[in-house]
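Each chain, letter by letter, is given below.
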Amino acid sequence: CGGGRYDRLLHTMMGGGTAEGVPAVGFGFGDAVIVELLKDRGLLPELLRGRGGGDDVDVVVYAMEAVLRGQAAQLATSLRQNQVAVDLVLDDRKPKWVFQRADKLGVKVVLLLAAAEAAQGQLVVKDLVSGQQQTVQATEAVDRVLGLLAYTGEGAAATLS
């Protein structure tokens, strides 16, 4: 833990502006301290684990445009309610970065929300194991993902056809 008085902080940060002499105090402590306190009291929540066992992420959900982020968040919530571990990308990122991240995380499925498909109530499901992708109705996306994740062999190519 740490803390103290910061009466001149605003003055210093604003380059000597009008905030001179504003009384201020503050304190802080690291997240590691909070985690240890929660563990000691049995209050640390059980985190959702990927279907692969450990800390795996099952699916990446990516909205290609800012206007689709709300829909992406709703989709991620629906997947999580079905015990699917989801990485939701809300940053302005290029598809290449998203697929590199998915590969790094060992993800099997990426859901892409793009304007053209969204206008028709659809999204793209990409099976990273088989390399196949298919455009599906957004209302079918959760069931499609659950079907893909149910396969444990070489991939779920059969469920995309």
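Data block above holds the structure.
Summarised in this report is the structure supplied together with it.

About the criteria used
Residues numbered from 1 in each chain as written. Predicted model: local features only at pLDDT ≥ 70, side-chain atom pairs only at ≥ 80, totals over all residues. Heavy atoms only, no water. Patch = residues over 30% accessible without salt bridge, like charges linked within 9 Å, V, L, I, M, F, W, Y side chains within 5 Å. Areas by Shrake-Rupley, 256 points an atom, 1.4 Å probe, with all protein chains shown as cover. Salt bridge = Lys/Arg side-chain N within 4 Å of Asp/Glu carboxyl O. Helix = DSSP H or I, 4+ residues; strand = E, 2+ residues; numbered from the N terminus. Buried < 20%, exposed > 50% of the residue type's maximum accessible area, 1.4 Å probe, protein only. Pairing = 2+ DSSP bridges. Right-handed = clockwise from strand over helix to strand, strands pointing away. Axes fitted to C-alpha atoms, helices over the stretch in contact; angles between N-to-C directions.

### Details of a nonpolar patch on the surface
Point 1. Judged by side-chain polarity, Phe 27, Phe 29, Val 33, Ile 34 and Leu 37 come together as a nonpolar surface patch covering roughly 480 Å² of accessible area.
Point 2. Looking at the nonpolar patch element by element, the count peaks at three residues for helix α2 (residues 31–40).
Point 3. Tracing the backbone through its elements, the reader meets Phe 27 in strand β2 (residues 25–28).

### A word on the pairing of strand β3 (residues 59–63)
Point 1. The element β3 is extensively covered by neighbouring structure, given that five of its five residues are classed as buried.
Point 2. Residues of β3 alternate between two faces, with Val 59, Val 61 and Ala 63 on one and Val 60 and Tyr 62 on the opposite face, all of them buried.
Point 3. Two elements, β3 and strand β4 (residues 86–89), share four bridges in a ladder whose sense is parallel. Looking at β4, one finds that Tyr 62 is bridged to Val 89.
Point 4. Between the parallel elements β3 and β4, the chain passes through helix α3 (residues 69–81) in a crossover that is right-handed.
Point 5. Inspection of the sheet shows β3 paired to strand β5 (residues 109–113) by five bridges, in the parallel sense. Bridging across to β5, Val 61 finds its partner in Leu 111.

### Considering the sheet that holds β3
Point 1. Reading across from one edge, β4-β3-β5-β6-β7 is the order of the five strands in this open sheet, with mixed pairing throughout. The open sheet is flanked by β4 and β7 (133–137), the only strands paired with a single partner. Taking the axes of each pair of neighbouring strands and ignoring which way they run, one obtains an average angle of 20° across the sheet.
Point 2. Two elements, β5 and strand β6 (residues 122–127), share four bridges in a ladder whose sense is antiparallel. Residue Leu 111 lies in a different strand from β6, and its bridge partner there is Val 125.

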